[in-house]
Amino acid sequence: MSRFLALTLTALLTATTAASAVPVKLGSVPVTVEPNAKLLTLSAAGIRTAFPSAAGRPDAVFMTEDRKVSVAFEWRTSKLAQTEVAKLVEQFPGVIRAQVPNVKTLKASLVQLGGSPWAQFVFTTPGQGDELRRELMVTSVAGRMLVVTIAGNVKDYSKNEAVVRNLTNSVRVN
């Protein structure tokens, strides 16, 4: 929760101009997305501030205009073959339950985005006033693991779902 709160506060201070509907390459991450005017892009300095440890620092972060839901892209050095993505759906729920305290709900599925298979994990945990919702989407890009993390509370996610889904549905692996 504190990382999300820090990310939200940092976004207030360092968000760049609203993203346009033009396809955008995400820095060193070999994907292109089509953000829209209802998303803010966190600057590199903002990402470093929100994620002080280089371990687990995302490569790109978008925030909804109300700054309640974040979408972070992280291209990890961990090896992952395209053929292993489907196996994650079966194996990773146990890892989530072991590493995340008080998981209330957890749904795992295999989805197709931009012609690529993605393992999708949606889980909730208790929060103050509303449950916290996390979604991890994982695929293989160039033999490495690409993780998209969508974070917010259930109510705020519901309000911003169309904007978030438009972004995730626009992801194209280069």
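Residues numbered from 1 in each chain as written. Predicted model: local features only at pLDDT ≥ 70, side-chain atom pairs only at ≥ 80, totals over all residues. Heavy atoms only, no water.

Draft legend 1. Just the overall build of the protein, in detail. Within the protein, the secondary structure is distributed over four helices and 11 strands. Counting all 174 residues of the protein, 48% fall into the buried class. Surface exposure of the protein reaches about 8600 Å², of which carbon and sulfur atoms provide 56%. (Helix = DSSP H or I, 4+ residues; strand = E, 2+ residues; numbered from the N terminus. Buried < 20%, exposed > 50% of the residue type's maximum accessible area, 1.4 Å probe, protein only. Areas by Shrake-Rupley, 256 points an atom, 1.4 Å probe, with all protein chains shown as cover.)

Draft legend 2. Spatial organisation of the pattern of salt bridges. The full count for this structure, using the stated rule, is six salt bridges. Here Glu135 makes a salt bridge to Arg165, at a shortest N to O gap of 2.5 Å. Remark: Arg165 occurs in helix H4 (residues 154–169) and Glu135 occurs in strand E9 (residues 132–141); sequence separation between them is 30 residues. Take Glu135: its relative accessible area is 0%, and that puts it in the buried class. With relative accessibility at 19%, the residue Arg165 sits in the buried group. Residue Asp156 pairs with Lys159 through a salt bridge whose shortest N-O separation is 3.8 Å. Pair noted here: Asp156 and Lys159 are both in helix H4, with a separation of three residues, about one helical turn. One salt-bridge network, in which partners are shared between bridges, spans Arg133, Glu135 and Arg165. (Salt bridge = Lys/Arg side-chain N within 4 Å of Asp/Glu carboxyl O.)

Draft legend 3. Focus on the nonpolar core. One finds Leu26, Phe62, Val71, Phe73 and Ile150 to be the most contacted residues of the largest nonpolar core, which totals 23 residues. Looking at this core, the elements that each hand over two or more residues are strand E3 (31–33), strand E5 (60–64), strand E6 (70–79), E9, strand E10 (144–153) and H4. By residue number, the principal contributor to this core is H4, which donates four residues. The contact partners of Val71, leaving out residues within four places of it in the chain, are Ala60, Val61, Phe62, Val148, Thr149, Ile150, Val164 and Leu167. Counting 13 residues, the second largest nonpolar core, distinct from the first, contains Leu88, Val89, Ile96 and Phe123. (Core = buried A, V, L, I, M, F, W, Y, C linked by side-chain atoms within 4.5 Å. Contact = heavy atoms within 4.5 Å.)

Draft legend 4. Expanded view of the packing of aromatic side chains. Under the defined criterion, the tally for this structure stands at two aromatic pairs. Their ring planes at 85 degrees and their centres at 6.1 Å tell us that Phe62 and Phe73 sit as a pair that is edge-to-face. Note that Phe62 is positioned in strand E5 and Phe73 in strand E6, a separation of 11 residues in sequence. Phe73 carries the same exposure label as Phe62, and that label is buried. Plain terms: the ring middles of Phe92 and Phe121 are 5.2 Å apart, the flat faces sit at 55 degrees to each other, and that makes the pair tilted. With a gap of 29 residues between them, Phe92 in helix H3 (residues 85–99) and Phe121 in strand E8 (residues 116–125) connect regions that are remote in the sequence. Owing to a relative accessible area of 0%, Phe121 belongs among the buried residues under this scheme. If you follow Arg133 out to its NZ or CZ, it ends over the ring of Tyr157, 3.6 Å from the centre. (Phe/Tyr/Trp six-rings, centres within 6.5 Å; stacked < 30°, edge-to-face > 60°. Lys NZ or Arg CZ within 6 Å of the ring centre and 35° of its normal.)

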